[in-house]
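If you want the building blocks of each chain, they are given just below.
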Amino acid sequence: MAGPNVQMPGNATPMVDLVRDDDGNIIDVRLRPEWVAYFATIAQIAFAATRSGSTSARPDSNMLRWIGMPYFDQQIGKEVFLKYSTSNVWVTSDGTVS
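So, a few notes on the structure that sits alongside this text. The structure presented is a predicted model; accordingly, all values stated were derived computationally and were not measured.

**Some remarks on the overall build of the chain**
On a plain count of helices and strands, the chain comes out with one helix and six strands. Mapped from its N terminus to its C terminus, the chain presents α and β elements in the order β-β-α-β-β-β-β. Whereas a compact globule of 98 residues would reach a radius of gyration of roughly 13 Å, the chain reaches 19 Å, over 25% beyond that. Considering only C-alpha atoms, the chain reaches an extent of 65 × 25 × 20 Å along its principal axes.

Shown next, in the form of structure tokens:
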């Protein structure tokens, strides 16, 4: 399985920006945009890992998908994995196309 290509922002990238007033007091703490994007992607992956439903409700090409994306198909009672991110070919853990 290829999985999604997610990389945490580099070590040199601070997670937050501190907003200070004229006296140097911290008045706000803001998460940097690159960290917001990283956490949003992690949340999407976690959500996808909990998806289940009927065969016809499998995620389609209009949604975030990646090779190896899991989906529990309740109609067949098995977890299936997306074989190609550009198609609707799903396989079971033994490689059977479903």
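And the narrative resumes.
**Focus on helix α1 (residues 33-49)**
If you check α1, its first and last C-alpha atoms are 25 Å apart, about what 17 residues at 1.5 Å a residue would give, namely 24 Å. Where the residues of α1 are buried, they touch β2 (26-31) and β4 (70-73).

**Observations regarding a nonpolar patch on the surface**
A contiguous nonpolar surface patch, about 640 Å² in accessible area, is contributed by M15, V16, L18, I26, V29, L31, V36 and F39. Secondary-structure elements contributing two or more residues to the nonpolar patch are β1 (16-20), β2 and α1. Examining the composition of the nonpolar patch, we find that three residues originate from one element, β2, more than from any other. Relative to the helices and strands, F39 resides in helix α1. For F39, a relative accessible area of 38% translates into the label partly exposed.

**What about the sheet that holds strand β6 (residues 90-92)?**
The strand order β3-β4-β5-β6 describes an open sheet built from four strands, whose pairing is mixed. Every other strand in the sheet has two partners, leaving β3 (52-53) and β6 as the edge strands with one partner each.

**A few points about the pairing of β1**
In regular strands, side chains alternate between the two faces of the sheet. Relative to β2, β1 runs antiparallel, the two sharing five bridges. Paired with D17 across the bridge in β2 is R30. Between β1 and the antiparallel strand that follows it, β2, lie five residues; G24 among them carries a positive phi value of about 90°.

**With respect to the packing of aromatic side chains**
Following the criterion strictly, the structure yields four aromatic pairs and no others. Seen in terms of ring centroids, W35 and F39 are 5.9 Å apart; in terms of plane orientation they differ by 35°. Their pairing is tilted. On the criterion of helical spacing, the pair formed by W35 and F39 is a turn pair, its members being four residues apart in helix α1. Of the residues examined, W35 reaches a relative accessible area of 7% and is grouped as buried.

**Comments concerning the nonpolar core**
The biggest cluster of nonpolar side chains holds seven residues, and these are A48, W66, M69, Y71, V80, L82 and W90. Among residues more than four places away in sequence, those in contact with W90 are R58, P59, R65, M69, Y71, V80, F81, L82, K83, T96, V97 and S98.

**Concerning the environment of Q7**
The residue Q7 is located in the segment before β1 in this model. Expressed as a C-alpha distance, the spacing of Q7 and P59, which sit 52 residues apart in the sequence, is 23 Å.

Definitions and limits used
What you see as residue numbers is a count from 1 along each chain, following the sequence as written. Whole-chain, interface and lining totals are the exception, using all residues; otherwise, since this is a predicted model, local features are given only for residues with pLDDT of at least 70 and side-chain atom pairs are given and counted only at 80 or more. Side-chain numbers here rest on the full set of heavy atoms in the structure, without hydrogens or water. Going along the chain from the N terminus, every DSSP run of H or I of four or more residues is numbered as a helix, and every run of E of two or more is numbered as a strand. Only C-alpha atoms enter the radius of gyration; for comparison, a globular chain is expected to reach 2.2 Å times N to the power 0.38, where N is the number of residues. Take the number of residues in a helix, subtract one, and multiply by 1.5 Å to get its expected span. Two residues qualify as a contact provided that any one of their heavy atoms is within 4.5 Å of a heavy atom in the partner residue. Patches were defined on residues exceeding 30% relative accessible area and lacking a salt bridge, with like-charge contacts within 9 Å and nonpolar side-chain contacts (Val, Leu, Ile, Met, Phe, Trp, Tyr) within 5 Å. Only the protein chains shown count as covering a residue, and every accessible area follows the Shrake-Rupley method with a 1.4 Å probe. Between Lys or Arg on one side and Asp or Glu on the other, a salt bridge is scored when a side-chain nitrogen of the former is within 4 Å of a carboxyl oxygen of the latter. Working definition: with a 1.4 Å probe on protein chains only, accessible area under 20% of the residue-type maximum means buried, over 50% means exposed, and in between means partly exposed. One bridge is not enough; two strands pair if DSSP finds at least two bridges between them. Ring pairs are drawn from Phe, Tyr and Trp, using the six-membered ring of Trp, whenever the two centres fall within 6.5 Å, and their geometry is named by plane angle: stacked under 30 degrees, edge-to-face over 60, tilted for the rest. The set of buried Ala, Val, Leu, Ile, Met, Phe, Trp, Tyr and Cys residues whose side-chain atoms join them within 4.5 Å is what this entry labels a nonpolar core.

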